[in-house]
Amino acid sequence: SQELEQSPQSLIVQEGKNLTINCTSSKTLYGLYWYKQKYGEGLIFLMMLQKGGEEKSHEKITAKLDEKKQQSSLHITASQPSHAGIYLCGLRGSNYGGATNKLIFGTGTLLAVQP
Amino acid sequence: SAVISQKPSRDICQRGTSLTIQCQVDSQVTMMFWYRQQPGQSLTLIATANQGSEATYESGFVIDKFPISRPNLTFSTLTVSNMSPEDSSIYLCSVEMGAEQYFGPGTRLTVT
């Protein structure tokens, strides 16, 4: 079974629209990372959330951590074509009894933004 | 943040050969990590490389297949040995700086 589930798996939005991507864990969340990946390329670090209730924003992207729901959400406001790519959440392995600095990744969400 | 470069960016190799991937960081870091991303899949950690000690491999990965070197605090190599088509993946190195982890641009490997 997948320890980190992302939803939706894929998303197509029109430019200017808002969208939300969710990352749900089977374990408690401590140390949740969000990355963006262009197809076939490396990962771009977006932000890291340490604990429940934390919220961070960078430009038009906001991430929140809901400890009770064991879920993190990534919200993009007024989407642009430059936001297109694969969004991955990663969780510290210590949440699953593994090494702290090992990251376990979610299934990924493919975002397309139509001009 | 860290600036990470990888060489080569991509390669096409024949079955049975080996490829060494280099990872260079612009600052000294204690821990470096090697991940694999198979086609259509998410990332899986191969091993953790600390300078001055043997790499620590994850379940399912062995040193004979993926030998790693870590000669100093800014550089590491991963070798994919005796390649088969199942090794076709993107290989990414990663470093930890404080609580954040940064990734290199990846090496896209195709084995024919």
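Up top is the structure.
The shown structure was predicted, so the numbers you read here are calculated from the model rather than taken from an experiment.

Caption draft 1: Focus on the state of the cysteines. Overall, the coordinates contain two disulfides over all chains when judged by the stated rule. The partner cysteine of A:Cys23 in its disulfide is A:Cys89, sulfur to sulfur 2.0 Å. Judged by the sign of its S-S torsion, about 75 degrees, the bond between A:Cys23 and A:Cys89 is right-handed. With A:Cys23 in strand E3 (residues 19-25) and A:Cys89 in strand E9 (residues 85-92), this residue pair connects regions lying 66 residues apart in the sequence. With no disulfide of its own, B:Cys13 has B:Cys93 as its nearest cysteine by sulfur position, at a separation of 17 Å.

Caption draft 2: Here's a closer look at the side chain of B:Glu58. Mapped onto the secondary structure, B:Glu58 falls in the loop between strand E6 (56-57) and strand E7 (68-72). When neighbours within four sequence positions are excluded, B:Glu58 is seen to be in contact with A:Lys102, B:Leu45 and B:Ile46.

Caption draft 3: A look at the sheet that holds strand E8 (residues 71-76) of chain A. Residue and element names in this part refer to chain A. Taken in spatial order, the five strands of this open sheet run E1-E3-E8-E7-E6, and their pairing is antiparallel. In this open sheet, the two edge strands, each paired with only one partner strand, are strand E1 (4-7) and strand E6 (55-58). Averaged over all pairs of adjacent strands, the angle between their axes in this sheet comes to 15 degrees, without regard to strand direction. Of the pairings in the sheet, the one linking E1 to E3 comprises four bridges and is antiparallel in character. Considered in E3, the bridge of Glu5 is made with Thr24.

What counts, and at which threshold
- Residues numbered from 1 in each chain as written.
- Chains lettered and ligands numbered in written order.
- Predicted model: local features only at pLDDT ≥ 70, side-chain atom pairs only at ≥ 80, totals over all residues.
- Heavy atoms only, no water.
- Disulfide = S-S within 2.5 Å.
- Helix = DSSP H or I, 4+ residues; strand = E, 2+ residues; numbered from the N terminus.
- Contact = heavy atoms within 4.5 Å.
- Pairing = 2+ DSSP bridges.
- Axes fitted to C-alpha atoms, helices over the stretch in contact; angles between N-to-C directions.

From the geometry alone we can't say anything about function, so treat these as descriptive.
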